[in-house]
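Observations on the three-dimensional arrangement
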Amino acid sequence: LPTGRWHRFRVIFRRCRITVLLIILACVGAVLYLNSIGLPGFIQRPLLQKLHDRGLDLHFSRLRWRPIQGIVAENVFFGRTNDPASPELTLKEVQLRLDNHALLRRQFQVQSLVLRQGRLRWPVIDSNGPPRELTIENIQTELELRTNDVWQLDNLEGEFGGAAIQLSGALTNASAAREWKVFQGGRQPSQPWELQNRLRRVADTLEQIHFAAAPRLKLDVRGDARDVEKTSIRLFIEAPGADTPWGSTENARCY
């Protein structure tokens, strides 16, 4: 190439190289910012509004973007802070999986929530005894948010009363769950006495049963958020051995 053309080529090549390096640097800086500081408000607000429309209100310490997992909410809390008798669900992380096709159209559509290291705590009110609670520890699961207002839970894993528990199920008209009294604020009682009586009986029964080894519980729950009384529950219990007030069992299975 003639000297003039070669010089122009070198100048253009150098400028392109600097431009590419600046773009890479900007991308790395954006990733570091979104990962360490969190998502900016103009992204958080429409995303949280979409979840609210689906019946979910996330309370968290930080909403960040990770290169591999995507959008992750940290230290998530569901419950009523002004009611000590209300159930509480706390999670170390909740990953928000988005619809990639909708994202290309600059729309936020949450397909599912991946729950990690969760704990469900349900206080048991007893005026004649010390305070107690029913808890499910080490919750790991994925909750699908389907477009027809259905929440689908395929395989929740956790620990309940010394037992390994697996829970699956579905809830139709799921956005109506926000209207349940247990999620409402104000001074009204969060739970009817009949529900507290049932919780108390469950807690009493668990205290009287001693298992030789950790049992396994499988639950399948199907219901309608607008008609909770028609909820169906299927339970399977497998225990190598147990001592109960009604006698001892070995290799027990119950459906």
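On a predicted model such as this, the values are computed, not experimentally measured, just so you know.

Our next topic: unusual backbone geometry. Even without a glycine there, the phi angle at Asn75 is positive, about 50 degrees. Residue placement: Asn75 occurs in strand 2 (residues 70-78). What makes Asn75 partly exposed here is its relative accessible area of 49%. Within the chain, Asn173 stands out as a residue other than glycine whose phi angle is a positive 50 degrees. Position of Asn173 relative to the elements: it lies in the loop between strand 7 (163-172) and helix 4 (193-208). Taking the relative accessible area as the measure of exposure, Asn173 reaches 27% and is therefore partly exposed.

So, on to a nonpolar patch on the surface. On the surface, Val20, Leu21, Ile24 and Val28 cluster together to form a nonpolar patch covering roughly 350 Å² of accessible area. Structurally, the position occupied by Val20 is in helix 1 (residues 3-36).

Moving on to the nonpolar core. Leu47, Leu51, Leu96, Leu113, Leu145 and Trp151 are the most contacted members of the largest nonpolar core, which totals 38 residues. For this core, the elements supplying multiple residues, two or more each, are helix 2 (41-53), strand 2, strand 3 (88-98), strand 4 (110-124), strand 5 (132-146), strand 6 (150-160) and strand 7. Once you skip the residues sitting within four places of it in the chain, Leu145 turns out to touch Leu51, Arg54, Leu56, Val110, Gln111, Ser112, Leu113, Val150 and Trp151.

The subject of this paragraph is the environment of Val124. Turning to its location among the elements, Val124 is positioned in strand 4. Under the relative-accessibility criterion, Val124 is labelled buried at 2%. Spatially, the C-alpha atoms of Val124 and Asn197 are 8.7 Å apart, while their sequence positions differ by 73 residues.

Counted by the stated rule, this structure contains twelve salt bridges. Residue Glu74 is joined to Arg62 by a salt bridge in which the shortest nitrogen-to-oxygen separation is 3.3 Å. Of the two residues, Glu74 sits in strand 2 while Arg62 sits in strand 1 (residues 62-66), which places them twelve residues apart along the sequence. Relative accessible area serves as the criterion here: at 11%, Glu74 is assigned to the buried category. Between Glu142 and Arg97 there is a salt bridge; the shortest N-O distance is 3.2 Å. Of this pair, Glu142 sits in strand 5 while Arg97 sits in strand 3; the two residues are 45 residues apart in sequence, bridging distant segments of the chain. By relative accessible area, which is 29% here, Glu142 ends up partly exposed.

Right, let's talk about the side chain of Glu93 for a bit. Inspection of the secondary structure puts Glu93 in strand 3. A polar side-chain atom of Glu93 sits 2.9 Å from a polar atom in the side chain of Arg66. With residues up to four places along the chain from it excluded, the contact list for Glu93 reads Arg66, Gln69, Val72, Ala73, Val114, Leu115 and Arg116.

Moving on, we come to the pairing of strand 3. Relative to strand 3, strand 2 is paired through seven bridges, and the arrangement is antiparallel. Looking across to strand 3, one finds that Val72 is bridged to Gln95. Across ten bridges, the pairing between strand 3 and strand 4 is antiparallel. Within strand 4, the position partnered with Val94 by the bridge is Leu115.

Here we come to the confidence of the model for the chain. Per-residue pLDDT for the chain has a mean of 79; in total, 83% of the residues score no lower than 70. Across the chain, element-level confidence peaks in strand 3 with a mean pLDDT of 92 and bottoms out in helix 4 with 68. In this model residues 185-191 is a low-confidence stretch, pLDDT under 50, and it forms 16 contacts with partners more than four residues away in sequence or in other chains.

Our next topic: helix 2. If you check helix 2, its first and last C-alpha atoms are 18 Å apart, about what 13 residues at 1.5 Å a residue would give, namely 18 Å. Among all positions in helix 2, only Gln44, Leu47 and Leu51 are buried. Around the axis of helix 2, the buried residues are gathered within 80 degrees of arc, so they sit on the same side. Residues of helix 2 that are exposed and point over 90 degrees away from its buried face: Phe42 and Arg45. Contacts from the buried residues of helix 2 go to strand 1, strand 2, strand 3, strand 4 and strand 5. Just past helix 2, the residue Gly55 takes up positive phi, approximately 95 degrees.

The rules we used
- Residues numbered from 1 in each chain as written.
- Predicted model: local features only at pLDDT ≥ 70, side-chain atom pairs only at ≥ 80, totals over all residues.
- Heavy atoms only, no water.
- Helix = DSSP H or I, 4+ residues; strand = E, 2+ residues; numbered from the N terminus.
- Buried < 20%, exposed > 50% of the residue type's maximum accessible area, 1.4 Å probe, protein only.
- Patch = residues over 30% accessible without salt bridge, like charges linked within 9 Å, V, L, I, M, F, W, Y side chains within 5 Å.
- Areas by Shrake-Rupley, 256 points an atom, 1.4 Å probe, with all protein chains shown as cover.
- Salt bridge = Lys/Arg side-chain N within 4 Å of Asp/Glu carboxyl O.
- Core = buried A, V, L, I, M, F, W, Y, C linked by side-chain atoms within 4.5 Å.
- Contact = heavy atoms within 4.5 Å.
- Polar contact = N/O pair within 3.5 Å; in protein donor to acceptor, adjacent residues only side chain to side chain.
- Pairing = 2+ DSSP bridges.
- pLDDT = per-residue confidence, 0-100.
- Expected span 1.5 Å × (residues − 1).
- Arc of directions from axis to C-beta.

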